Amino acid sequence: MDRFRFAEITGSEIMNHLGINLNYNIPGKWILAGEHAVLRGCEALVFPLNSKFLNFSYKASEKDFTLKLIGENSSDVEMIIWSVFEKALTEINLKRTDLKGELTITSHISFGAGMGASATLAVGISEFFKKLELLKTDSFSFAKKIEDLFHGESSGVDVAVALYQKPLLYKRGEPIIPLENVTLPRLYLSHCGVRGVTKDCVTKVKKMHELDSALAKQLDLQMSEAVVLFKKLLKESAPDLLAWMKAIKLSQNCFESWGLVPVEAQNHIDQLKNHGALACKMTGSGGGGYVLSLWQEDPPTVLSIE
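All values derive from a computational prediction rather than experimental measurement. (Residues numbered from 1 in each chain as written. Predicted model: local features only at pLDDT ≥ 70, side-chain atom pairs only at ≥ 80, totals over all residues. Heavy atoms only, no water.)

Participant: Where do I start with the pairing of strand E9 (residues 279-282) in this structure?
Facilitator: Residues Ala-279 and Lys-281 of E9 are buried on one face, and the alternating residues Cys-280 and Met-282, pointing to the opposite face, are buried as well. Alignment of E9 against strand E10 (residues 290-295), held across four bridges, turns out to be antiparallel. By the bridge assignment for E10, Ala-279 is matched with Leu-294. (Buried < 20%, exposed > 50% of the residue type's maximum accessible area, 1.4 Å probe, protein only. Helix = DSSP H or I, 4+ residues; strand = E, 2+ residues; numbered from the N terminus. Pairing = 2+ DSSP bridges.)

Structural data, given as structure tokens:
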């Protein structure tokens, strides 16, 4: 069971100007509302998920550069890591042979689960080059270019929260606004049992804009309305559960209309509701991955909610 925790990421970070050694964490994320519509200029509400993260550990040496991946879903990362790393090197006009030492990435996050794993990887790599004083551009733009390799077109929302590690109100192309003193009800994440593919989900929604632009624009407006409701609720001193239910249902209806709620996810949502969840929604791009659920009381442990 994974109840949201909003403490700052812990983890040491050691800098030595003679021989740089690094150890830092980059958190995952969960999105309250704004998914997909954020690509077209709508706002999104996004939070760091500190219990799911990538750890980056670098040991300086005179040996040829090596990159090691361990931990959760490391085999998934291994298939793409060098293409991503080579892209980053190209952006800063370096070759692999220009680097020395050993970089180890330890995964504590699932890829394809809606937790922003690709952005976590992109930001972690960006921070690696920044800490080695090899990155001369801003970290956000650099990390977004890397994340585009995964999604084709990234809104930047996942990159922003991984980089700033704070709850954010995000709107593409505008200053990022940290959210202070937010009030949250009992919200939980649980995996629906099937993986989502962000690029496929983004393509599906874009296709709707081509085939039925009126409906697609209506859904963007509906998601924006959900964001407006959530923004108000986050400022209240005590959670209004009926209002939270309304806002969650409003945003979930968008995922249903986009066709991004697979049978496995719907079955999982039905199970959650049968055990007392007041409302549920997909989080992230949808198509699978994690489901956000609202509860009046803590859910029963027999649900095996992660």
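Participant: How should I be thinking about helix H3 (residues 117-131) in this particular structure?
Facilitator: Because each turn of an α-helix spans 3.6 residues, side chains separated by three or four positions end up pointing in the same direction. Across its 15 residues, H3 extends 21 Å between first and last C-alpha, which sits within 8% of the 21 Å expected from 1.5 Å per residue. Most of H3 is tucked away, with 14 of its 15 residues classed as buried. Of the residues flanking the end of H3, it is Glu-133, one or two places downstream, whose phi is positive at about 60°. (Expected span 1.5 Å × (residues − 1).)

Participant: How do you make sense of the packing of aromatic side chains when you look at a structure like this?
Facilitator: Between two aromatic rings, the relevant description is the distance of the centres plus the angle of the planes. Tallying each qualifying case throughout the model produces 13 aromatic pairs. Their ring planes at 5° and their centres at 5.3 Å tell us that Tyr-24 and Phe-56 sit as a pair that is stacked. One end of the pair, Tyr-24, is in strand E2 (residues 22-33); the other, Phe-56, is in strand E3 (residues 43-64), and 32 residues separate them in sequence. By the burial criterion, Tyr-24 is buried, and Phe-56 matches it. Centroid distance Trp-82 to Phe-85: 5.6 Å. Interplanar angle 80°. Geometry classified as edge-to-face. Taken together, the residues Trp-82 and Phe-85, both in helix H2 (residues 81-91) and three residues apart, mark about one turn of the helix. Owing to a relative accessible area of 0%, Phe-85 belongs among the buried residues under this scheme. (Phe/Tyr/Trp six-rings, centres within 6.5 Å; stacked < 30°, edge-to-face > 60°.)

Participant: What am I meant to see in the nonpolar core here?
Facilitator: What tends to happen in soluble globular proteins is that the nonpolar side chains get buried as a cluster. In terms of nonpolar packing, the biggest core is built from 97 residues, with Phe-85, Ile-125, Phe-128, Phe-129 and Phe-230 touching the most fellow members. Every residue in contact with Ile-125, bar those within four places of it in the chain, is listed here: Phe-56, Ile-81, Val-84, Phe-85, Ala-88 and Ile-146. (Core = buried A, V, L, I, M, F, W, Y, C linked by side-chain atoms within 4.5 Å. Contact = heavy atoms within 4.5 Å.)

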